[in-house]
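Observations on the model geometry
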Amino acid sequence: MKKKANWIAILDFGSQYTQLIARRIRELSVYSEIFPYNYSIEKILKHEPAGIILSGGPDSVYADGAPRPDNAIFDTGIPMLGICYGMQLIAEMTGGKTSGSNRREYGYSKLEIDSKSKLLKGLGKKEDVWMSHGDKVTEMPPDFAKTGYTDNIEIGAMENHEKKMYGIQFHPEVHHTPRGMDIFKNFIFDICGLKPNWTMSSFVADSVNQLKTKHKTGNIILGLSGGVDSSVAAVLLNKAFGDRLYSIFINNGLLRKNEETEVVEVFKDKIGLNLIYADYSDLFLKKLEGVTDPEKKRKIIGETFIRCFEKEAKKIGDVKYLAQGTLYPDVIESVSVKGPADVIKSHHNVGGLPDKMDLELIEPLRELFKDEVRAVGRELGIPDIILGRHPFPGPGLAVRVLGDITKERADLLREADAIFIQELKDSDWYNKIWQAFVVLLPVQSVGVMGDERTYENVAAIRAVHSVDGMTADWVKIPYDLLAKVSSRIVNEIKGINRVVYDITSKPPGTIEWE
Ligand code: XMP
């Protein structure tokens, strides 16, 4: 919380859309932060929010034990917007009434709008809005005006402009409410009086200044994987600390083709990071010898990584901090998922590193969403080959060489994967896909090449669309492209004589095969 007086506080009552509210406000270049509904109001007020938003939530406001904020929040005089459950709370806690309805309303609805509304200013007489609720406000608190209604609910929007309290039953944060952003604009710019000044360049400048002032001495270590989060964290910290930052890049022998060369070229040669490249590939492969169980592979890789990282860190003197690329969604979790008691969790530990090493954590991206991290990366001049990369699992190719891992098999996979990715890039499919890769199966099949019978490995190719990796759809790559990839892999790589395409979505499948 550092944007004194120039930000919006969001209290989370467990809606699946709470993070979306925060993102929408930030899209309007205003900083916003989420708190569990029972977070101390005094603590929030210390940082002078210009507005407060009460989120939706799955409970009934009148039910026993339903989440309620501190009463004092209604006396602050700070403009307040209640969305769905948040509106019902305003009603219930300031003298109105809410009740259940026997019909849940879910989906589009037409809102009839009172043109005098300050919150809904500039909208048409009738607008599409997205509803998702069971309860509704049946009686407004004193001195509130009704500003909208639908066929289903009498009070779809209400406000008391003098007290700066506004409630809407629908969800402006979802795309299904087409004028939702206009409602947020009215609230944050007109009603709260904010200026749009949360930009990624202001974030970079502020962060660098704060980091410099806060951590004046001591060295910082960071595990650089070449993925988006650790890369952006490293380059940002490099701006603040220069060579006091030691970025440690460990080659575990399970990287993609040329990955180590690319990472060193970009970060050491072009960007000028103080990069330590440590090649432990033989050690990792030795430890993985004969191991076929996926979870055992992960465990061995995790433990070996920590040991190698510590070994490298010990060579550096005066290390005080461990930096990590933790993002905002890891820091907050909606109360709908976690119990309200431990909603804001501080994200410690990559496998126990700071505990063991007794280091203080620096997490420069902990306020940012993933798209903001990419924007910061662009601002910092990190090339697209890094920022636009598909996600890559920590255990790397170990979970893509199914069964026993040997250097030979990892090399086979690297070659096949490089062909697939190259073809996706050349055909402009790479950026349309969330994640794509090749898997080497522990299966041999018969083939024929020229006059010769072959008995070689089978490779599976996988490409999925996804938003966050939690669910995924397989991608309908054109047959011609699939044919080209298959033909190149089989013809150019000795050791693979058959290619199959994975057409399983998640669920029921997972993205990786192990
Ligand atoms: P699954 O296979 O679980 O993958 O559907 C979802 C996303 O997570 C990645 N993944 C991992 N990432 N360590 C990681 O850092 C792992 O052990 C791991 N396993 C899967 C996967 O690549 C996909 O993006």
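As a starting point, this report considers the structure included with it. (Residues numbered from 1 in each chain as written. Predicted model: local features only at pLDDT ≥ 70, side-chain atom pairs only at ≥ 80, totals over all residues. Heavy atoms only, no water.)

1. Considerations on the side chain of Ser230
Among the secondary structure elements, Ser230 is positioned in helix H6 (residues 228–241). Judged by relative accessible area, Ser230 falls into the buried class, the value being 11%. Within polar-contact distance, the side chain of Ser230 engages the backbone nitrogen of Ser225 at 3.0 Å. Each residue touching Ser230, except ones within four places of it in the same chain, is listed here: Leu222, Gly223, Leu224 and Ser225. (Helix = DSSP H or I, 4+ residues; strand = E, 2+ residues; numbered from the N terminus. Buried < 20%, exposed > 50% of the residue type's maximum accessible area, 1.4 Å probe, protein only. Polar contact = N/O pair within 3.5 Å; in protein donor to acceptor, adjacent residues only side chain to side chain. Contact = heavy atoms within 4.5 Å.)

2. Structural notes on the environment of Leu424
Structurally, Leu424 can be placed in helix H14 (residues 407–426). With relative accessibility at 0%, the residue Leu424 sits in the buried group. Put simply, Leu424 and His390 are 34 residues apart on the chain and 12 Å apart in space, counted from C-alpha to C-alpha. Other than its neighbours up to four places away in sequence, Leu424 contacts Trp429, Tyr430, Ile433, Ala436, Ile477 and Leu481.

3. Notes on the packing of helix H5 (residues 200–214) against H6
The interhelical angle for the contact between H5 and H6, taken along N-to-C directions, is 55°, at an axis separation of 8 Å. On the basis of the axis angle, H5 is oblique to H6. Note on packing geometry: the crossing formed by H5 with H6 is right-handed. Contacts between H5 and H6 pair Phe203, Val204, Ser207, Val208, Leu211 and Lys212 from the former with Leu236, Leu237, Lys239, Ala240 and Phe241 from the latter. Within the contact of H5 with H6, the residues separate by chemical class into eight nonpolar, one polar and two charged. (Axes fitted to C-alpha atoms, helices over the stretch in contact; angles between N-to-C directions. Parallel < 35°, antiparallel > 145°, perpendicular 65-115°, else oblique. Left-handed = near helix turned anticlockwise from the far one by under 90°. Nonpolar A, V, L, I, M, F, W, Y, C, P; charged D, E, K, R; others polar.)

4. Quick look at H6
Taking 1.5 Å as the rise per residue, H6 with 14 residues should run 20 Å; its terminal C-alpha atoms sit 20 Å apart, in good agreement. At the exit of H6 stands Gly242, carrying a positive phi of roughly 55°. (Expected span 1.5 Å × (residues − 1).)

5. Quick notes on the site of the ligand
The environment of the ligand is formed by Arg298, Pro391, Pro393, Gly394, Pro395, Trp434, Gln435, Gly469, Lys506, Thr510, Ile511 and Glu512. Between an oxygen atom of the ligand and a side-chain N or O atom of Arg298, the distance comes to 2.5 Å. At a separation of 2.7 Å, an oxygen atom of the ligand approaches a polar side-chain atom of Lys506. For the ligand, whose free accessible area comes to 490 Å², the fraction covered by protein is 68%. Considering only residue class, the shell around the ligand consists of five nonpolar, four polar and three charged. (Near = heavy atom within 4 Å. Areas by Shrake-Rupley, 256 points an atom, 1.4 Å probe, with all protein chains shown as cover.)

6. Some words on the environment of Phe305
With respect to the helices and strands, Phe305 occurs in helix H9 (residues 294–314). Spatially, the C-alpha atom of Phe305 lies 9.5 Å from that of Asn251, the residues being 54 residues apart in sequence. Once you skip the residues sitting within four places of it in the chain, Phe305 turns out to touch Ile250 and Phe284.

7. Comments concerning the pairing of strand E11 (residues 245–251)
Among the seven residues of E11, six are classified as buried, and the element is accordingly described as predominantly covered. In the sheet, strand E10 (residues 219–223) pairs with E11 via four bridges, with the strands oriented parallel. Considered in E11, the bridge of Leu222 is made with Ser247. Crossover handedness for the path E10 to H6 to E11: right-handed. Taken together, the five bridges between E11 and strand E12 (residues 275–279) define a ladder with parallel strand orientation. When the bridges of E12 are listed, Ile250 appears paired with Ala278. Read from E11 through helix H7 (residues 259–270) to E12, the crossover connection turns out right-handed. (Pairing = 2+ DSSP bridges. Right-handed = clockwise from strand over helix to strand, strands pointing away.)

8. Focus: the sheet that holds strand E5 (residues 97–113)
Taken together, the nine strands give an open sheet; going across it, the order is E2-E1-E3-E4-E9-E8-E7-E5-E6, and neighbouring strands pair in mixed fashion. Every other strand in the sheet has two partners, leaving strand E2 (31–36) and strand E6 (126–139) as the edge strands with one partner each. When strand polarity is set aside, the average angle formed by the axes of neighbouring strands in this sheet is 25°. Bridge count between strand E1 (residues 7–12) and strand E3 (residues 51–54): four bridges; the pairing is parallel. When the bridges of E3 are listed, Leu11 appears paired with Leu54. Relative to E2, helix H1 (residues 18–27) is tilted by about 160°, and along the sheet it contacts E1, E2, E3 and strand E4 (80–83).

9. Side note on the state of the cysteines
Following the criterion strictly, the structure yields zero disulfides and no others. For the unlinked cysteine Cys84, the closest cysteine sulfur is that of Cys192, found at 20 Å. (Disulfide = S-S within 2.5 Å.)

10. Some words on the side chain of Ser32
Relative to the assigned elements, Ser32 resides in strand E2. There is a polar contact of 3.0 Å between the side chain of Ser32 and the backbone oxygen of Ala22.

11. Comments concerning the sheet that holds strand E14 (residues 360–362)
One open sheet holds the five strands; their spatial order is E12-E11-E10-E13-E14, and the pairing between them is parallel. Looking at the sheet topology across the chains shown, the edges are occupied by E12 and E14. Adjacent strand axes in the sheet meet at a mean angle of 30° when their direction is disregarded. Of the strands in this sheet, E10, E11, E12 and strand E13 (319–323) are in contact with H9, which crosses E11 at around 140°.

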